[in-house]
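# Examination of the molecular architecture
Chain by chain, the residues:
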Amino acid sequence: MKHKILILLLCCLNGFTAFSIEEKPKLIIMITVDQMRHDYIAKYWDRYTEDGFKRLVNKGFSFDNANFSYVPTMTAVGHATIGTGTTPVHHGIAANNWYDRITKKEVYCVSDSTVTSVGVIGGDGLHSPRNLKSNTFTDQLKLSSPKSKVFGISLKDRGAILPVGFSADAAFWYSNKKGHFISSSYYMEELPNWVNSTNAKKRVEAFLQTPWSTLYPIETYTASSQDQADFEGVFNGETTPTFPHMLPNLIKENGLGLIKGTPFGNSLLANFAKELIVNEELGSDEITDVISISFSSTDYIGHMYGPQSIEIEDTYLRLDLNLSNLFEFLDQQIGEGQYTIVLTADHGVADIPAHVKGSVDYYDYNGFKDAILEWSNQNYGLNLVEEITNNQVYLNYEAITNQQLTTKEVKEELLQFLLNYPNLTSAADMIGRVCIGDAAVCERMYNGFDPKRSGDVFYSFQAGWLSDYYQKRGGTGHSTGYKYDTHVPMIWYGFGINAGREMQEVAIKDIAVTLSDIQSIPYPNRATGNSLLPHLQK
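Residues numbered from 1 in each chain as written. Predicted model: local features only at pLDDT ≥ 70, side-chain atom pairs only at ≥ 80, totals over all residues. Heavy atoms only, no water.

## Examining the sheet that holds strand β13 (residues 385-389)
Read from one edge of the open sheet, five strands run β13-β14-β17-β15-β16, paired in antiparallel fashion. With one partner strand each, in any of the chains shown, β13 and β16 (434-436) form the two edges of the open sheet. Neighbour to neighbour, the strand axes of the sheet diverge by 15 degrees on average, direction disregarded. Relative to strand β17 (residues 457-461), strand β14 (residues 392-395) runs antiparallel, the two sharing two bridges. Looking across to β17, one finds that Q392 is bridged to F458. (Pairing = 2+ DSSP bridges. Helix = DSSP H or I, 4+ residues; strand = E, 2+ residues; numbered from the N terminus. Axes fitted to C-alpha atoms, helices over the stretch in contact; angles between N-to-C directions.)

Pasting the structure below:
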């Protein structure tokens, strides 16, 4: 009795009223909506149902100025940050793909040649979390509570694997080749029976038998641009980026991966999440379990059509229904008020320049790379650049040494060249921490730097400018340190969460630290985020 009174007093003194050392949620659901900009909450608010996004905002706690504190803002990096509570300088996931100086080859963020595919023959399953340099919130949970169950699911392998780290019971992702969910031998030798049964239902083929038409009359999509808009992408086999998208006619040219570029990919994942929760008995006792659900279709659709498109509005209206259905299922399966949700995104996205009035445009990417090589040859008589990727320049150390130069002086000259390049506004020497341009953008560059995996010099073009790659193929991209890429939702809901709203800036790396405090366990071993628990319980 004295022990419980002491706990209560300590909680009150610290302002914590909902969580105690003894009481914990039965299930934690980490929801990541790939490429969800923060403005999508308000933009489509009037069209959302009461039980989807509105339920989270109205009954939960929303941090309306949550940002990523690094570049490049990419899928792998964002998911790793959500899980580890830190940035690439510590967790090591420097991009979706990075250049390896030793092998002189590109490395994929979750590639692992030591494992085998499970559920498919071929390379779709050759993945694991081994490239992470930090453990995650769920790794710490499994250390403190070995009987807790942890799963990660997504259409993307990196979206499934990275948030749940090394100790997850399993991660499952989608195989374009098979049109079903698979895994790797890092987690298991064969798929569970329930996954095989789920895959056998052939839901992908069923979804793709229906054209993608708008959920509501197309004239009601007033928050979006016109349907026939410049520089939007198209599926293979389409001639215009307009509704209806005749999916049954597009399967042959696009394969079963076609579903990822439709809102039905989110429906597929939501159904899989429910079956996982039931079959793995998540939240069935007092030991906290965790499921990470990363919705990927929003990213594929956003890249192809852009954030002002009717396609992206329709996708979010349909995702709202998916979430409403999922929350109702959780109420029945776990019990209302017995689970905790945190919803966020892995990055935002830029507007298509053609949709924006102002000083935004495309730059010649190959021309820019050629200009850097020409600069090197003119100044030094040879090429001192080894690779240019991810808005980063990798210098050739051996060539620099052979010329009796130092990397410091080469970087100084390179920064001066970049300073004078048209529409390039910021660049930084990572080791020397020398910044030209926007100091805030440079600070995000430093946070995104891994000395073994990143380039020597980072650079950034003017806000809103895109590579002409997107001008040629259509659509848009992300990866910068500007607000349209860093500013995303962060909403907490459920067990122990008071309703509220906060405009103070917080970081996405704070999520893993806060989840650790909810469970009263140690933080991930390289975490640099701050706990938001006092906000959630004030």
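## Regarding the packing of aromatic side chains
For the structure on display, the rule yields 31 aromatic pairs. Measuring from ring centre to ring centre gives 4.8 Å for Y48 and F53, while their planes differ by 45 degrees; the resulting arrangement is tilted. The pair formed by Y48 and F53 is uniform in burial state, with each residue classed as buried. Pairing F172 with F272 gives two aromatic rings, centres 5.8 Å apart and planes at 75 degrees, and the pair type is edge-to-face. Here F172 is found in strand β8 (residues 170-175), whereas its partner F272 is found in helix α11 (residues 264-279), with 100 residues between them in sequence. (Phe/Tyr/Trp six-rings, centres within 6.5 Å; stacked < 30°, edge-to-face > 60°. Buried < 20%, exposed > 50% of the residue type's maximum accessible area, 1.4 Å probe, protein only.)

## Let's talk about the pattern of salt bridges
In this structure the tally under the stated criterion is 22 salt bridges. A salt bridge links D331 to R55, with the shortest nitrogen-to-oxygen separation between them at 2.7 Å. Here D331 is found in helix α13 (residues 310-335), whereas its partner R55 is found in helix α3 (residues 53-59), with 276 residues between them in sequence. R55 shares its class with D331; the two are buried. The salt bridge partner of R203 is E275, with a shortest N-O separation of 2.6 Å. Here the residue R203 occupies a position in helix α9 (residues 203-207), and E275 occupies one in helix α11, the gap between them amounting to 72 residues. Residue classification places R203 among the partly exposed positions, given a relative accessible area of 24%. Residue classification places E275 among the buried residues on the basis of a relative accessible area of 14%. (Salt bridge = Lys/Arg side-chain N within 4 Å of Asp/Glu carboxyl O.)

## What about unusual backbone geometry?
Cis rather than trans, the peptide bond between V71 and P72 has omega equal to 5 degrees. Among the structural elements, P72 can be located in the loop between β3 (66-67) and α4 (75-84). In this structure, P244 follows F243 across a cis peptide bond, with omega equal to -5 degrees. Locating P244 in the fold gives a position in the loop between α9 and α10 (247-254). Look at Q35: it is not a glycine, yet its phi comes out positive at around 75 degrees. Positive phi, close to 65 degrees, is recorded for N423, a residue that is not glycine. Locating N423 in the fold gives a position in the loop between α16 (407-419) and β15 (424-429). What makes N423 partly exposed here is its relative accessible area of 30%.

## Re the sheet that holds strand β22 (residues 506-507)
The strand order across the open sheet built from three strands is β19-β3-β22, with neighbouring strands paired in mixed fashion. In the strand order of this sheet, the two ends are held by β19 (487-488) and β22, each with one partner. Summarising the sheet, β3 and β19 pair through two bridges and their orientation is antiparallel. Within β19, the position partnered with A66 by the bridge is V488.

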